Amino acid sequence: MLVLLVGFVGIQFFPTSRNQSETLPKIDFMVVNNVPKQVEITITTSCYDCHSNNTEYPWYNKVQPVAWFLEDHVKQGKEELNFNEWADYSSRRKNSKLKSIISQIEDDEMPLFSYTIVHGDAKLSEGQKKEIISYMTQLKKDL
Amino acid sequence: MKRTKVSTGILAIALVTLTATSCKDAKKEHDNGDGHHSDMEGGEGHDEAGMDSNGMMDSGQKTSKSDMLVANYLDLKNALVADDENAAAKAGGIMVSDFNNFDTASFGSDEQQELKDIIEDAKEHAEHISESPIGHQREHFDVLSKDMIDLIAITGTEEKLYQDFCPMYNDNKGAQWLSATKEIKNPYYGAKMMSCGSVQKEIN
């Protein structure tokens with residue numbers, strides 16, 4: 001018990017890198033596409049924490065090992081898809097990403113359950129899902 | 001969600017084991033091994049003498065680069081035909097390293113750019129295939145097949161290939177794949193609809 005406690009206190013001193021950035025880059029998805037306001041708000045709220053260079057951290061990110069867990073998620077999320085780098089993707093890659101976005105949202109695989117359980121506002125309603133999917137489908141057609 | 005996919009995957013594998021269907025095609029031309037790998041990394045482009053049975057000087061050099069990829073793609077395709085998630089994952093992993101090692105130096109600059117885009121995209125699909133349940137593997141295989149078709153259009157290939165099309169997959173939007181045999185064996189549905197599809201085009 002004591003060992004656990006000491007360990008828990010000990011890991012609080014390990015730093016993690018924070019994923020934060022003040023400005024929206026010129027190549028961001030929202031900047032280069034003409035995204036309807038409602039869709040923009042939904043995507044920013046539900047996706048940008050892990051799929052952009054700016055995470056709105058919750059208070060408990062100050063506690064280890066939560067911070068490590070989140071850091072890892074954000075890193076993986078950005079590798080997979082970073083909305084901030086959208087215009088830098090080739091059309092081929094955009095096409096693949098749009099296909100995956102649509103299929104992941106259709107199948108309720110994104111946003112992750114472990115994320116929406118603590119971020120109630122990120123959970124997508126059926127209406128929001130439809131809006132995003134129809135917008136992304138159109139974008140894919142126009143590539 | 002995931003659990004249902006996994007269990008359908010297991011079911012499918014069990015079914016295949018029972019019926020013991022196996023795909024014989026494409027096995028014969030698989031003479032690729034790790035030897036080829038190191039060949040490529042070692043700058044094969046400068047070593048004419050290192051060329052193997054392909055013979056054909058310049059074009060032979062280019063196509064030999066894609067031939068290993070094609071062989072491993074066919075392995076992946078056959079695994080999906082056989083509803084074998086594990087074998088597909090393994091073949092996907094091998095393709096990831098093929099793409100990593102793919103040397104575009106002998107191509108013109110426009111072709112290089114196009115190849116770079118294709119490889120970057122295809123590699124991600126191969127990565128996903130290496131770590132996903134079979135339903136997802138097939139979704140990624142759809143786009144990976146498109147990438148392979150475009151890649152071969154640039155690199156050429158020594159293999160005789162058939163470009164097949166299944167009109168039902170993808171909510172009836174259809175999906176393509178490449179095969180080394182004329183007979184249709186559907187990688188998108190496996191045993192469920194083995195002969196669904198038709199030959200769109202013959203390559204070579």
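Scoring rules and cut-offs
- Residues numbered from 1 in each chain as written.
- Chains lettered and ligands numbered in written order.
- Predicted model: local features only at pLDDT ≥ 70, side-chain atom pairs only at ≥ 80, totals over all residues.
- Heavy atoms only, no water.
- Core = buried A, V, L, I, M, F, W, Y, C linked by side-chain atoms within 4.5 Å.
- Buried < 20%, exposed > 50% of the residue type's maximum accessible area, 1.4 Å probe, protein only.
- Helix = DSSP H or I, 4+ residues; strand = E, 2+ residues; numbered from the N terminus.
- Axes fitted to C-alpha atoms, helices over the stretch in contact; angles between N-to-C directions.
- Parallel < 35°, antiparallel > 145°, perpendicular 65-115°, else oblique.
- Left-handed = near helix turned anticlockwise from the far one by under 90°.
- Contact = heavy atoms within 4.5 Å.
- Buried area = accessible area lost by both parts, 1.4 Å probe.
- Salt bridge = Lys/Arg side-chain N within 4 Å of Asp/Glu carboxyl O.

A. Focus on the nonpolar core. Core analysis: the largest hydrophobic core is formed by 39 residues, its most contacted members being B:L76, B:M95 and B:F99. Listed by contribution, the elements that provide at least two residues to this core are α3 (57-81), α4 (85-101), α5 (109-130), α6 (134-155), β1 (161-166) and β2 (175-179) of chain B. By size, the runner-up hydrophobic cluster in this structure holds 21 residues, among which are A:C47, A:F83, A:Y89 and A:I133.

B. View of the packing of helix α5 (residues 91-106) of chain A against helix α7 (residues 126-141) of chain A. Residues and elements named next belong to chain A. As a packed pair, α5 and α7 sit with axes 10 Å apart at the nearest point and diverge in direction by 160 degrees. Comparing the axis directions of α5 and α7 gives the class roughly antiparallel. Seen from above, α5 lies across α7 with left-handed handedness. The segment α5 lies against α7, with N95, L98, K99, I101, I102, I105 and E106 engaging K129, I132, I133, M136, T137, L139 and K140.

C. How the structure looks around unusual backbone geometry. All names here are of chain A. Omega for the bond connecting M110 with P111 falls within 30 degrees of zero, at -10 degrees, which places this linkage in the cis form. As for its placement among the helices and strands, P111 is situated in the loop between α5 and α6 (113-116). With a phi angle near 55 degrees, D108 is a residue other than glycine that sits in the positive phi range. Structurally, D108 is set in the loop between α5 and α6.

D. Spatial organisation of the interface of chain B and chain A. Residue-level contacts link 19 residues of chain B with 13 residues of chain A. At the boundary of chain B with chain A, total buried surface from both sides reaches about 1300 Å², with 36% on carbon and sulfur atoms. Here chain B is connected to chain A by seven salt bridges. A salt bridge links A:R92 to B:E114; its shortest N-O distance comes to 3.2 Å.

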